[in-house]
Amino acid sequence: MARPVAQLILTTHWDREWVQSFEQYRFRLVNLVENLLAILRAEPDLRFVFDGQTVVLEDYLEVCPQRRGELEALGRAGRLVVGPWYVLADQFLQGPEATVRNLQTGLRLAEAFGGGMRHGYVPDSFGSLATLPAILNGFSIRSANFGRGRAHLADRSAPLFRWAWRDGSEVLALTRGYANALPLSYPDIWRNIADTGPDAEVARATARRLVERDGPAYPIGLFYWSAGVDHMELPAGMSAIVEAINADGAVQVAVSDPARYMAAAEAELARAGATLERAIGEMRGDEASPMSLQGVYSTNLPIKQANRRCERLMAGVLEPLAVLSAARGEPVGHFLEHLWRLVLRNHPHDSICACSLDRVIRDMAGRYDAVTEQGTLLAERTLRRLVGSEPSTTAQPDYRPAVTLVNTVPGRGAWPFAATVRVPRSLEGEAFALLDPAGRRVGQATVLARKNQDLESFYAANDDLARMLSKTPKGDREAGQVYALLAAEGVADFGPAAGAQTLTLAPEPAKVAEGDLRVTGRSIANGLVELRFAEDGTFTLRDGATGADWTGLGGFEDTADIGNTYDFLPLDGDGPLRTRGGGAAKFRPLSAGPDRAEIEVTVELPLPATSSARGRSRRLIRHRLVSTYTLYPGCRVVHVRTAFENRATDHRLRLSLEFGDRPALTTGTHFAALGRDWTGRGDRYSMLPLLDWLHLRRERAGLAVLVRGLYELEAQSDGPGGRLLVTLCRSVRQIGAGAGANYAVQHARELGPREVEYALAPVGDLTASARLASAYTTPVVAEAHGLDSRAALALPRDLLALEGEGLVLSCLKPAQHQAGFVVRFYNLFEVPTTARLRLGLRHGPVSRVDLEERPLPDRPAPQADGDAWTVPVGPCEIVTLHVGP
């Protein structure tokens, strides 16, 4: 019998920040790399895998730039293995376009170091996406390994299987993450590691034990052994350890890396004629072996809300504006690269999961602030150039102001907008009506302030300029050098296409017709949707198109949580505290038109001050939950904002949507939609990841629920009915015993003011839900200018339109390898279709590319059809097109 072979991966698992701050870990990183370089010089037969990411190179070289040449040489020699990722992110908390940018950035950075490892290395992600095989295949990656969450396999002991997605993509998958052979390098990491380096006898015994334990499970005689763990430095002497194991005779060991192992395994499987089980879906465990760590979906929701805002600012606003700017010959790509890296540096799993120190959260908040501040300035300056809104010292008595709106989401339809804009002139009057191109009133613009035009005001963001306490102009002599800051808001009909729309300013009429908007003591309506509130603050939503009612919406419930940042842990015998059926709510109508119908609903929920394993506190703290419900004319979406101040700890507060039946449930995920079961049990394993939207369907009626930065959902069965629970706040006290070093943390207690947003829309199908979610998470941007601005007039009114059932736009961005831009969309359904794409910019040829934006000559080419392009789209396929200049 042939001696089995083991490929040994020497690695570290590098959490950029976690139970120490980033700078503390960077201190350790510099030591690790300095020692590593010395070891690799002394032991030329070793190679080191730097945890599948490349950000560590940047972090180290900022301190030791003189080492760059040596690192590049080791990378080219295959002895220092980096990438393919920029960071090892939590997959469910990193958005779809950020996932693509993570791989693009990592592979691009790795080019100077011999190229990134073409392997889907996700050793410690808290579960894996159903669409990860498709994403990896889009980067010519055909294999993956992970250490958490395997599901859907009949043979649960099998380490190798085929992992596929519905579009036909597939990877060879390995359920070994890291550290499964750690005693080969460090026999005992819980002792002083300075005294417990590699030991030949321990290594030989470990090798024999691993062969005996794992041999029956592997379909081939090729083992994967990882001898690294969190933040571990490579010990000297591993060459001698390999020699000792090989001399023992039980197994032949070779130092390798994950990509080489998977290539060898694929070849061995082919030689043996072995077939593997095939799985489709998420890797989050199953009922037989549920995966914990799902509490991270809701730990410190404010930091997760900030993340989703920044991701959508990048992919939904800045990149489309950059495409428009590049078409004018003014590229802004250097800013985009910088800002994306700042966003991605918050995505390592222990960072975005918020299972870290308070200092880590403060550092993350600083990065998100930097993205928001720089991104806002970039968006405003880019848009100002695009609409030709520049200050002038020449007074023009006949100057006529206008406001241009830019919508980057096709299919938005009638939608509210609100923005602070600057008119580079002084204006007479304080309030104006906003008129669309047909002369219809769609909103109003109110003067917030008038400020001098000078160096600092020129570079200030619009909102900052409006708040400035200085710079107020004095006297008419400065009328030609004044900015008028306007609050512009209303509802515009953007139709089926993304693009620009210019509104003119006119004197506000004394009285404006209210249309179909209606507010009574306990209801609001706009002719398309009606909300009727019960005494307890819950409501029924009536769909004006179908007459269907959705009842039991808008409640809140709270339970004890004696867990930690990783896991929700219920309290035995604890029942939820609910607002439904409780005390009387208070109702306050806020507006009845002409631009909105709005009502404020306040409910009180007394919560125990604390909880522990002994029970919930008898001391109750009243919590006021103030929800504002808004309807806009012509818009089927109900916008909801709930504000509260959390003053209790050790609990979980959730939005409750209750139903007498269990409608078909689908949730949005990365480039896809997934059907979900009503199987929630209220325990630590019940949570479902949520990204932007879910859809409920019963007979001919459907309801979309849209969220902004809320990631945790539970679908509980309740007799013949069901209850959807979306987490709004989870308060715990410690990182958790699962951390390398547990700490008490303040950030996870989530004390203080909180505000969450969600929306409801009665729509019949998944396509509408997904497109509305794109609109809901992506703001309309605006700027003021002169009505006769040639620059504004040249902006395309129909920038991009995407036709085809089930098709959803994902991005419009500058191309990374060549001139032109990229359009990406995906198919929600398991049936092929044809996309019809109309583009409003002058452009050259359109071609298929992969997610890395490399040509795909074997795919059917887009075909010109009049003013549009038609593209065949496969079932559940992600399509990326390059549009030439």
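Residues numbered from 1 in each chain as written. Predicted model: local features only at pLDDT ≥ 70, side-chain atom pairs only at ≥ 80, totals over all residues. Heavy atoms only, no water.

## Digging into the sheet that holds strand β6 (residues 160-164)
Argument step 1. The mixed open sheet is built from five strands, whose spatial order is β4-β5-β7-β6-β10. Of all the strands in the sheet, just β4 (120-122) and β10 (278-280) have a single pairing partner and so form its edges. In this sheet, adjacent strand axes meet at a mean angle of 30° when their direction is disregarded.
Argument step 2. Direction of pairing for β4 relative to strand β5 (residues 143-146): parallel, over a ladder of three bridges. Counterpart to V122 in the pairing with β5 is F146.
Argument step 3. On top of the sheet, helix α8 (residues 258-272) reaches β4, β5, β6 and β7 (170-174); it is set at about 105° to β7, its chief contact. (Pairing = 2+ DSSP bridges. Helix = DSSP H or I, 4+ residues; strand = E, 2+ residues; numbered from the N terminus. Axes fitted to C-alpha atoms, helices over the stretch in contact; angles between N-to-C directions. Contact = heavy atoms within 4.5 Å.)

## Regarding the sheet that holds strand β21 (residues 549-553)
Argument step 1. One open sheet holds the five strands; their spatial order is β17-β18-β19-β20-β21, and the pairing between them is antiparallel. On the outer flanks of this sheet lie β17 (518-520) and β21, each paired with one strand and no other. Direction aside, the axes of adjacent strands within the sheet are offset by 10° on average.
Argument step 2. Pairing geometry for strand β18 (residues 523-525) and strand β19 (residues 529-533), over three bridges, is antiparallel. Bridging from a neighbouring strand, S523 pairs with R532 of β19.

## What to know about the nonpolar core
Argument step 1. Core analysis: the largest hydrophobic core is formed by 225 residues, its most contacted members being W225 and V823.
Argument step 2. The element best represented in this core is helix α9 (residues 301-327), accounting for 12 residues.
Argument step 3. With near-sequence residues (within four places) excluded, W225 lies in contact with A6, Q7, L8, I9, N180, A181, L184, A207, L210, V211, V251 and V253.
Argument step 4. Among the nonpolar cores identified, the runner-up in size contains 50 residues, and F533, F539, W550 and F659 belong to it. (Core = buried A, V, L, I, M, F, W, Y, C linked by side-chain atoms within 4.5 Å. Buried < 20%, exposed > 50% of the residue type's maximum accessible area, 1.4 Å probe, protein only.)

## With respect to the pattern of salt bridges
Argument step 1. Counted according to the given criterion, the structure contains 72 salt bridges.
Argument step 2. A single network of salt bridges, built from pairs that share partners, joins E58, R108, E337, R341 and R345. (Salt bridge = Lys/Arg side-chain N within 4 Å of Asp/Glu carboxyl O.)

## Things to note about the packing of aromatic side chains
Argument step 1. On inspection of all chains with the given rule, the structure shows 17 aromatic pairs.
Argument step 2. Taking 6.3 Å as the distance between ring centres and 10° as the angle between the ring planes, the aromatic pair formed by F223 and W225 counts as stacked.
Argument step 3. Grouping aromatic residues by their ring pairs yields a cluster made of F533, F539, F587 and Y629.
Argument step 4. R16 extends its terminal NZ or CZ atom over the ring of F22, reaching a point 4.2 Å from the ring centre. (Phe/Tyr/Trp six-rings, centres within 6.5 Å; stacked < 30°, edge-to-face > 60°. Lys NZ or Arg CZ within 6 Å of the ring centre and 35° of its normal.)

## Some remarks on the packing of helix α6 (residues 200-214) against helix α7 (residues 238-248)
Argument step 1. It is at 9 Å that the axes of α6 and α7 come closest, and there the two elements cross at 55°. As far as their axial angle goes, α7 and α6 are oblique. For α6 against α7, the interelement crossing comes out right-handed. When α6 is examined against α7, the residues A200, A203, R204, A207 and R208 are found in contact with a partner set consisting of I241, A244, I245 and D248.
Argument step 2. Residue classes in the contact of α6 with α7 are distributed as six nonpolar, no polar and three charged. (Parallel < 35°, antiparallel > 145°, perpendicular 65-115°, else oblique. Left-handed = near helix turned anticlockwise from the far one by under 90°. Nonpolar A, V, L, I, M, F, W, Y, C, P; charged D, E, K, R; others polar.)

## Description of the environment of E319
Argument step 1. By the secondary structure assignment, E319 is in helix α9.
Argument step 2. When its relative accessible area of 2% is taken as the criterion, E319 is described as buried.
Argument step 3. Residues E319 and V211, 108 residues apart in the sequence, show an inter-C-alpha distance of 51 Å.
Argument step 4. Discounting residues that sit within four places of it in the chain, E319 has contacts with R101, M314, L336, W340, L812, K813 and P814.

## Overview of the environment of L802
Argument step 1. Position of L802 relative to the elements: it lies in strand β40 (residues 800-803).
Argument step 2. Along the chain, L802 and V409 lie 393 residues apart, while their C-alpha atoms are 9.8 Å from each other.

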